[in-house]
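Observations on the model geometry
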Amino acid sequence: MSDALHIQPEVGTTHGAHHDEHHVHHHKETFITKYIFSQDHKTIGKQFLITGIIWAIIGGLFSVLFRLQLGFPDQTFPILETFFGKWAEGGRIKPEFYYALVTMHGTVLVFFVLTAGLSGTFANLLIPLQVGARDMASPLMNMLSYWFFFMASVVMIASMFIQTGPAAGGWTVYPPLSALGEASIGSKAGMDMWIIAMALFVVSQLLAGLNYVSTILNMRTKGMSMTRLPLTVWALFFTAVLGILSFPVLLSGLILLLFDRNLGTSFYLSDIYIGGQALPNEGGSAILFQHLFWFLGHPEVYIILLPAMGMVSEVLSVNSRKPIFGYMAMLGSMFAICILAFLVWAHHMFVTGLNPFLGSVFVLLTLLIAVPSAIKVFNWLTTLWRGNIRFTPAALFGIGFVSLFISGGLTGIFLGNSTIDIHLHDTMFVVAHFHIVMGVASFFGMFAGVYHWFPKMYGRYMNNTLGYIHFWVTMVGAYLIFWPIHYQGLAGMPRRYLDKSVWVNFSQFHELDKMITVVSIIVFAVQLMFVFNFFYSIFKGRKVTTQNPWGATTLEWTTPINPGHGNWTGEIPEVHRWAYDYGKDGREFIPQTEPVGANERKH
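With respect to the overall build of the protein
Across its full length, the protein carries 18 helices and four strands. A globule of 603 residues ought to have a C-alpha radius of gyration of about 25 Å, and the protein, at 25 Å, matches this closely. Relative to its 603 residues, the protein shows a buried fraction of 56%. Here the contacts in the protein between residues at least 6 apart in sequence split such that 78% fall between residues at least 24 apart. The distance from the centre of the 33 positive side-chain charges to the centre of the 31 negative ones in the protein is 10 Å.

Here we look at the side chain of S313
Relative to the elements of secondary structure, S313 occurs in helix α10 (residues 286-320). Taking relative accessible area as the criterion, S313 reaches 2% and is therefore assigned buried. Once you skip the residues sitting within four places of it in the chain, S313 turns out to touch L231, I324, M330 and W380.

A short note on the pattern of salt bridges
Summed over the entire model, instances satisfying the criterion amount to nine salt bridges. Salt-bridge contacts for K514 lead to E511; the nearest nitrogen and oxygen are separated by 3.7 Å. Placement of the pair is K514 and E511 together in helix α18 (residues 510-540), with a separation of three residues, close to one helical turn. K514 gets classed as partly exposed once you look at its relative accessible area, which sits at 31%. A residue is classified by how much of its surface remains accessible, and E511, at 55% relative accessible area, is exposed.

Observations concerning the layout of surface pockets
Size it by volume and the second largest pocket reaches roughly 1,000 Å³. Forming the walls of the second largest pocket are 42 residues, and the residues nearest its centre are H298, H347, G412, L415 and H433. For the lining of the second largest pocket, the secondary structure elements donating two or more residues are α10, α12 (356-368), α13 (370-384), α14 (393-415) and α16 (428-458). Its residues assigned to classes, the lining of the second largest pocket comprises 24 nonpolar, 13 polar and five charged.

Notes on empty space enclosed by the protein
As enumerated under the stated definition, the model contains five cavities of 30 Å³ or more in all. The space that makes up the largest cavity amounts to roughly 1,100 Å³. Contributing to the lining of the largest cavity are 50 residues, with S63, H105, L109, H435 and F482 lying nearest its centre. Elements with a contribution of two residues or more to the lining of the largest cavity: α3 (41-71), α5 (95-113), α16, α17 (464-490) and α18. With twelve residues, α16 is the largest single contributor of residues to the lining of the largest cavity. The calculated volume of the second largest cavity comes to roughly 120 Å³. Put simply, the parts of the chain that give the lining of the second largest cavity at least two residues each are α6 (116-131), α8 (189-218) and α9 (231-262). If you tally residues by element for the lining of the second largest cavity, the top one is α9, at five residues. Its residues assigned to classes, the lining of the second largest cavity comprises eight nonpolar, seven polar and no charged.

Examining α16
Along α16, the largest kink reaches about 45° and is centred on H452; proline P455 follows within four residues of it. Most of α16 sits out of view: 31 of its 31 residues are buried. Where α16 ends, the next residue or the one after it, G459, has phi of about 70°, a positive value.

Concerning helix α7 (residues 139-158)
In an α-helix, one full turn covers 3.6 residues, which means residues spaced three or four apart are oriented alike. A rise of 1.5 Å per residue sets the reference length of α7, with its 20 residues, at 28 Å; its end C-alpha atoms lie 29 Å apart and thus fit the reference within 8%. On its buried side, α7 packs onto α2 (31-36), α3, α5, α6 and α8.

Section: a nonpolar patch on the surface
Together, L367, L381, I406, L410, I413, F414 and I420 make up a nonpolar patch on the protein surface, roughly 560 Å² of accessible area in all. The element contributing the most residues to the nonpolar patch is α14, with four residues. Along the chain, I413 turns up in helix α14. Residue classification places I413 among the partly exposed residues on the basis of a relative accessible area of 42%.

Thoughts on the environment of S266
For S266, the location among the structural elements is in the loop between α9 and β1 (273-274). With relative accessibility at 22%, the residue S266 sits in the partly exposed group. Between the alpha carbons of S266 and N218 there is a distance of 44 Å; along the sequence they are 48 residues apart. Each residue touching S266, except ones within four places of it in the same chain, is listed here: D260, N281, E282, G283 and G284. Separated by 3.1 Å, the side chains of S266 and N281 make a polar contact.

Rules of the game
- Residue numbers restart at each chain and count upward from 1, following the sequence in its written direction.
- In keeping with the model being predicted, local features are shown solely for residues with a pLDDT of at least 70 and side-chain atom pairs are shown and tallied solely at 80 or more, while totals for entire chains, interfaces and linings include all residues.
- Side-chain measures here rest on the full set of heavy atoms in the structure, leaving out hydrogens and waters.
- Think of it this way: any DSSP run of H or I at least four residues long counts as a helix, any run of E at least two long counts as a strand, and we number them from the N terminus.
- Two things to know: the radius of gyration comes from C-alpha atoms, and the globule rule equals 2.2 Å times the number of residues to the power 0.38.
- Classification of residues uses two cut-offs on accessible area relative to the type maximum, computed with a 1.4 Å probe and protein chains only: under 20% is buried, over 50% is exposed, and between them is partly exposed.
- What makes two residues a contact is simply this: any of their non-hydrogen atoms within 4.5 Å.
- Positive residues here are Lys and Arg, negative ones are Asp and Glu, while His and the chain termini are left out of the count.
- The atom standing in for a charge is NZ when the residue is Lys, CZ when it is Arg, CG when it is Asp and CD when it is Glu.
- When a carboxyl oxygen of Asp or Glu is within 4 Å of a side-chain nitrogen of Lys or Arg, the pair counts as a salt bridge.
- Here a cavity is any set of points on a 1 Å grid over the protein atoms alone where a 1.4 Å probe fits but cannot get out, and a pocket is any open set with protein on both sides within 12 Å along at least 5 of 7 lines; a residue lines the site when it has an atom within 4 Å of a point.
- Grid points are joined across faces, edges and corners, and a volume is the space filled by probe spheres set on the points.
- Gly falls in the polar group here, along with every residue not listed as nonpolar (Ala, Val, Leu, Ile, Met, Phe, Trp, Tyr, Cys, Pro) or charged (Asp, Glu, Lys, Arg).
- Bending is quantified residue by residue as the angle between axes fitted to the seven-residue window ending at that residue and the seven-residue window starting at it.
- Helix span, as expected, comes to 1.5 Å for every residue beyond the first.
- To count toward a patch, a residue needs a relative accessible area over 30% and no salt bridge; like charges are then connected within 9 Å, while nonpolar side chains (Val, Leu, Ile, Met, Phe, Trp, Tyr) are connected within 5 Å.
- Residue exposure ignores everything except the shown protein chains as possible cover, and the areas themselves are Shrake-Rupley values with a 1.4 Å probe.
- N or O atoms within 3.5 Å of each other form a polar contact, as long as, within protein, one can give a hydrogen and the other can take it, and as long as residues adjacent in sequence are counted only when both atoms are side-chain atoms.

Given below as structure tokens:
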């Protein structure tokens, strides 16, 4: 015992010295340990980003394919048969395959791109760098979170190549369609693979989320109090908390669905007839699945939006050369959004026979969420107001995010009202609303983050000219695609239908649908240009020559241009001030690491 006590301090110091030495002088690393099974948070962030980009191309391509069908329902496209064989015989997409495309498009973009790609990339890259930590709380768990995501991706992609095709039940996979293999071809093996892929995905998100929260709470550098954290880190913290509390609910819902499909249980099934024959299932409720799904599904909206909000706050402040307006109000509004996100899920279920009084409670809570959202918008606009704005591609995407968040959010007020929702539910109005406010807006936040932190990731700049083309075409294109779709929804046009041309009352929209399809193809092409810019710039982009190219105050810009595993070569810097000292006491910016002067005015 005395020996153990005697050597304890020595072990501690040796470990500490070894820890720093390991980070400063790298031991020999192979390609596999450095890039594949890496435990460096920066490399894991890049793995999430590049996997997310591949998924975004796949998911975006699906949308172009079904837009072709919607825009030109009476034409054939032989190239479709070349790619999809029996699913597009004669160059026309079959109805069951159209539904599969819609399902996979939604699943891929909501979960695999805007959840894993967005949070996985920027939480991994920024949390240790901005809080002043060598790495995540558990690098091994961090690596596992990526590999569970990778396995989920493999299973999801594999489901597209099996004989009966991928899952086809909408990205919400409502039973009884998803619970009965004989209900449709898209409910067979592809649905089981979809559920397994999503279960693996949830494990990935939980491993990651626990790691993010632990790192932010326990591994901040000296002087980095919670109120000195950049808003990016706060946003990622709230995102992780939302995920930890809501993803297990989806997982339980999916496991019960798997039981119903394969073990003869009746959690979601009751009184169902197929071909005139009654099934033995009794006592289940399909509505139960909707409760479980949307209890994740609504926090999911903010799991996607919050990281984008945090990054936009940072990018707008840096590029307007002004402190963020209302830092504590921004924190309070994020906290309010977090709480309210859990209290509004049933607004997705106004037409399921929900008790009207209960519906009115959910209407109130849904409309309340507009208050913190409005605070955030006001603060972004006042941060820009009279700022010395540098219109970098990142800043433009940040401003574009604010625009899309406002216009997309306003249509949510219509849908949040249960009486109006009876008319608008399951129409194209819903599609337009959530694509603008959640889909495109979050992509804009993601693009702002990629352009802004690319120099930190790869030590090079992306091409600005291509960045400006990317922004303007995407911004104009997003509004040209999704704004008119609101009017189709107001006219009652249902979503997920493959051919609406036979309905006389929708004939007025034929030309509009063609225009939307053409614009979709152009916008998709410009995203491919962004992908080219991204990968080309990794190897051939202009090299970063200064440690702090944007003149930012936060800690990540105090590391070397190409930081190794461990981030800082010497001691981790100490923090003395908040993250937004811009335009203060006659100085353009003051880093967080600079001690507060005796005569300095308070922020």
